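Fold and contact review
Now for the letters of each chain:
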Amino acid sequence: MNDPVNEAWMPSISPETVRYLILKAKEFDVKDVVTEPDPGSNPSDDNMIGVLEDHDDDPVETELRSAIWALNEDEQIDLVALAWLGRDDGNVGDWDELRSRAADAHNRRTAAYLLGTPLLPDYLEEALDQFGETSTNDALGRL
């Protein structure tokens, strides 16, 4: 039996890649403001608190930004369209239109745009759920 929901989505980006980006975006989103800009201590002495703060040289941000830039143009367009779908800019039946709008808007600032999108991991999870893909929480629970 054919599933009309999954037939509507012919992604350039794999659900596994989206799940990886969701996990990295969640790590990025939990960062807190810097409370001690130059603590002068060893990270192990301060219980590694610094890794939870949003420093300019944040390796999580660098990794997420690099992962987005490593995607080809079609994958980046799909990722933006998925974010829009997840924030209710349309539904799965509107996938071709969302993707077309994302293609028209595509530029060299895709990573900056996505990193600046509040609730990005939630939007991407919602979009995967709408296409019947397992969310990251469900996938992690099976490991």
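Residues numbered from 1 in each chain as written. Predicted model: local features only at pLDDT ≥ 70, side-chain atom pairs only at ≥ 80, totals over all residues. Heavy atoms only, no water.

1. Structural notes on the overall build of the protein chain
Stated formally: Starting at the N terminus, helices and strands are each numbered in turn, a helix being any DSSP run of H or I of at least four residues and a strand any DSSP run of E of at least two. Think of it in three bands: residues with accessible area under 20% of the maximum for their type are buried, residues over 50% are exposed, and the middle band is partly exposed, with areas taken using a 1.4 Å probe on protein chains only. Only heavy atoms enter the contact rule, under which two residues are in contact if any of them lie within 4.5 Å. Methods summary: accessible areas were calculated by the Shrake-Rupley approach with a probe of 1.4 Å, and residue burial reflects only the protein chains presented.
Looking only at helices and strands, the protein chain has eight helices and zero strands in total. Listing each helix as α and each strand as β along the protein chain from the N terminus yields α-α-α-α-α-α-α-α. Going through the 143 residues of the protein chain one by one, you find that 37% of them count as buried. Across the protein chain, contacts joining residues at least 24 apart in sequence account for 71% of those joining residues at least 6 apart. Carbon and sulfur atoms make up 50% of the accessible area of the protein chain, which amounts to about 8,500 Å² in all.

2. Brief notes about the environment of Ser14
To be explicit about the condition: Polar contact is the term for a pair of N or O atoms within 3.5 Å; when the atoms are in protein, one must be able to donate a hydrogen and the other to accept it, and sequence-neighboring residues count only if both atoms are side-chain atoms.
Within the element layout of this structure, Ser14 appears in the loop between α1 (4–8) and α2 (15–29). The spatial distance from the C-alpha of Ser14 to the C-alpha of Leu79 is 9.9 Å, given a sequence separation of 65 residues. A distance of 2.8 Å separates polar atoms of two side chains, one belonging to Ser14 and the other to Thr17.

3. Some thoughts on the confidence of the model for the protein chain
Basically, it comes down to this: On a range of 0 to 100, pLDDT expresses the predictor's confidence in each residue.
Confidence in the prediction for the protein chain averages 80 pLDDT; 66% of positions are at 70 or higher. Looking at the elements of the protein chain, mean pLDDT is at its lowest for helix α8 (residues 136–142), recorded as 51, and at its highest for helix α4 (residues 73–86), recorded as 97.

4. Describing the environment of Leu120
Within the fold, Leu120 resides in helix α7 (residues 120–130). For the pair Leu120 and Trp84, spaced 36 residues apart in sequence, the C-alpha separation works out to 9.4 Å. Excluding residues within four positions of it along the chain, Leu120 makes contact with Ala25, Asp29, Ala83 and Leu114.

5. Side note on empty space enclosed by the protein
Our working definition: A pocket, in this scheme, is an open set of points on a 1 Å grid over the protein atoms alone with protein on both sides within 12 Å along at least 5 of 7 lines, while a cavity is a set where a 1.4 Å probe fits but cannot get out; residues line either one if an atom lies within 4 Å of a point. Grid points are joined across faces, edges and corners, and a volume is the space filled by probe spheres set on the points. Three categories are distinguished: nonpolar for Ala, Val, Leu, Ile, Met, Phe, Trp, Tyr, Cys and Pro, charged for Asp, Glu, Lys and Arg, and polar for the others, with Gly belonging to the last.
What the rule picks out here adds up to one cavity of 30 Å³ or more. Of the voids in this model, the largest cavity is the one considered here, and its volume is about 30 Å³. Every residue along the wall of the largest cavity is listed here: Leu21, Ala25, Leu64, Ile68, Leu79, Leu114, Leu120 and Leu124. Classifying every residue of the lining of the largest cavity by side-chain character gives eight nonpolar, no polar and no charged.

6. Points about the pattern of salt bridges
Counted only if it meets this: What makes a salt bridge here is a side-chain nitrogen of Lys or Arg within 4 Å of a carboxyl oxygen of Asp or Glu, nothing more.
Applying the stated criterion across every chain yields a total of nine salt bridges. For Arg19, the salt bridge is made with Glu133, and the minimal N-O distance between the two is 3.3 Å. With Arg19 in helix α2 and Glu133 in the loop between α7 and α8, the pair connects residues that are 114 residues apart, well separated along the chain. A salt bridge links Glu61 to Arg65; the shortest N-O distance between them is 2.7 Å. Within this pair, Glu61 and its partner Arg65 are both found in helix α3 (residues 59–70), separated by four residues, close to a single helical turn. Among the charged side chains, a network of salt bridges with common partners joins Glu16, Arg19 and Glu133.

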